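# Topology and contacts: notes
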Amino acid sequence: MKAIRWGVLCGLVLSASPAAAADKTHLQLMAEIRMLQEQSQQLQILLGSLQDALKTVTTKLDEQSAATRKAMADQTLAMNNIGDNVRVLRDKTDETNVRLSTVAQEIDALRQSLASQPAAIPVGTPPGGAPGTEPAAAPPTATAPPPTPTGVSPQRMFDASFDDYSAARYDLAIQGFQGFIQAFPRLPQAADAQYNIGMSYFNQSNWPQARDAFQKTINDYPQATDRVADAYYKLGQTFEMLKQVDNAKRAYETLIQRFPNAFTATQAKNALDRLTKK
């Protein structure tokens, strides 16, 4: 009886062994499948990250490429602008050279015209009079302005000199304004020319010459009230630079007394107050 039970138990064990082995294999396969799924998910996440990184790199490359193209375009535009400016400067230089040459020719023509004018003979003096004879008295006559030199335009000559003054070519400006005054002493612009001579010396810090030029403006062109007022103010400033404070005060005081409504009169008052407080 015991033998029969043992045999039945062994048969049950032997019949259960293949099923248990199959279950183990199935579980192992399922585990491997889960691992593969997890690895697949990790690969998908990694691929997604790589795609995002690739998009970022592509975007940066596009931005850098666009920036490079823009920089090259800006550089090309800048080079073109520089070329245009150089051409403009060259044209202006050529124009300035032409104008300087024209002014030089006009000044030479002026000098030749003045040199060719005959010397003035006193009215009433007989030609070839005997030495020692007194000239006959003549009635006073109005002084006629000197003839305008041929081929010289007053406005053009003044403008050329003023261009030199505006460009800080003060030596050329002084020569040009002096030539203008010599050629056209009766024109209203002669006062401006004399004042600009003083300003040219003033801007060169040539105080004695500036002082004389402003004083000449005051003495020679009293009818040009605006320029005389300006000349008094600049004369005061020039005296200050020469450390002649008393003369500067007198210049300012004269301006205030003679031209109280002038714009420079207010400036003269301020300067006078400043000097008085020292």
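Being a predicted model, the structure only gives us computed values, none of them experimental.

Reading guide: rules and limits
- Per chain, residues are indexed from 1 in the order of the written sequence.
- Residue-level local features of this predicted model are given only where pLDDT is at least 70; pairs of side-chain atoms are given and counted only at 80 or more, and the full residue set underlies all totals for whole chains, interfaces and linings.
- The side-chain values count all of the structure's non-hydrogen atoms but skip hydrogen atoms and water molecules.
- Fitting a line to C-alpha atoms yields each axis, with helices limited to the stretch in contact; the angle taken between N-to-C directions then spans 0 to 180 degrees.
- Helix numbering and strand numbering both begin at the N terminus, where a helix is a DSSP run of H or I of at least 4 residues and a strand a DSSP run of E of at least 2.
- When describing relative orientation, an angle under 35 degrees is termed roughly parallel and one over 145 degrees roughly antiparallel, while 65 to 115 degrees is termed roughly perpendicular and anything else oblique.
- Each helix crossing is assigned a hand: it is left-handed if the near helix lies turned anticlockwise from the far helix by less than a right angle, otherwise right-handed if that turn is clockwise.
- Contact between two residues is taken to exist if any of their heavy atoms lie within 4.5 Å; hydrogens are not considered.
- In this classification, the charged set is Asp, Glu, Lys and Arg, the nonpolar set is Ala, Val, Leu, Ile, Met, Phe, Trp, Tyr, Cys and Pro, and all remaining amino acids, among them Gly, are polar.
- For the exposure calls, accessible area comes from a 1.4 Å probe over protein chains only, and a residue counts as buried if that area is under 20% of its type's maximum, exposed if over 50%, partly exposed in between.
- When the centres of two rings from Phe, Tyr and Trp lie within 6.5 Å, Trp using its six-membered ring, the rings pair. Their planes under 30 degrees apart give stacked, over 60 give edge-to-face, and anything left gives tilted.

To continue, consider the packing of helix α6 (residues 225–241) against helix α8 (residues 263–277). It is the contact of α6 with α8, at a shortest axis distance of 9 Å, that shows an interaxial angle of 25°. Classified by the angle between their axes, α6 and α8 sit roughly parallel to one another. Along this stretch, α6 crosses α8, giving a crossing that reads as left-handed. In this structure, α6 contributes Ala229, Asp230, Tyr233 and Glu240 to the contact, and α8 contributes Thr264, Gln267, Ala268, Ala271, Arg274 and Leu275. Looking at the contact of α6 with α8 residue by residue, the class counts come to five nonpolar, two polar and three charged.

Turning to unusual backbone geometry, a few remarks are in order. The phi dihedral of Ser205 falls on the positive side, at around 60°, and the residue is not glycine. As for its placement among the helices and strands, Ser205 is situated in the loop between α4 (189–203) and α5 (207–220). Judged by its relative accessible area of 44%, Ser205 is partly exposed. Positive phi, close to 65°, is recorded for Lys243, a residue that is not glycine. Mapped onto the secondary structure, Lys243 falls in the loop between α6 and α7 (245–258).

Overall, the coordinates contain 10 aromatic pairs when judged by the stated rule. Measuring from centroid to centroid gives 5.9 Å for Tyr233 and Tyr252, while their planes differ by 45°, and the two rings are tilted. Residue Tyr233 is located in helix α6, and its partner Tyr252 is located in helix α7; the two are separated by 19 residues in the primary sequence. The pair formed by Tyr233 and Tyr252 is uniform in burial state, with each residue classed as buried. Grouping aromatic residues by their ring pairs yields a cluster made of Phe158, Phe162, Tyr165, Tyr170, Phe177, Phe180 and Phe184.

Looking now at the packing of α7 against α8. Any two packed helices are characterised by the angle at which their axes cross and by the distance between the axes. Close contact between α7 and α8 brings their axes to 9 Å; oriented N to C, the two are set at 145°. Viewed along their axes, α7 and α8 form a crossing whose handedness is left-handed. Of the residues in α8, those in contact with Val245, Ala248, Lys249, Tyr252, Glu253, Leu255 and Ile256 of α7 are Thr264, Ala265, Ala268, Lys269, Ala271, Leu272, Leu275 and Thr276. The class makeup of the residues in the contact of α7 with α8 is 10 nonpolar, two polar and three charged.

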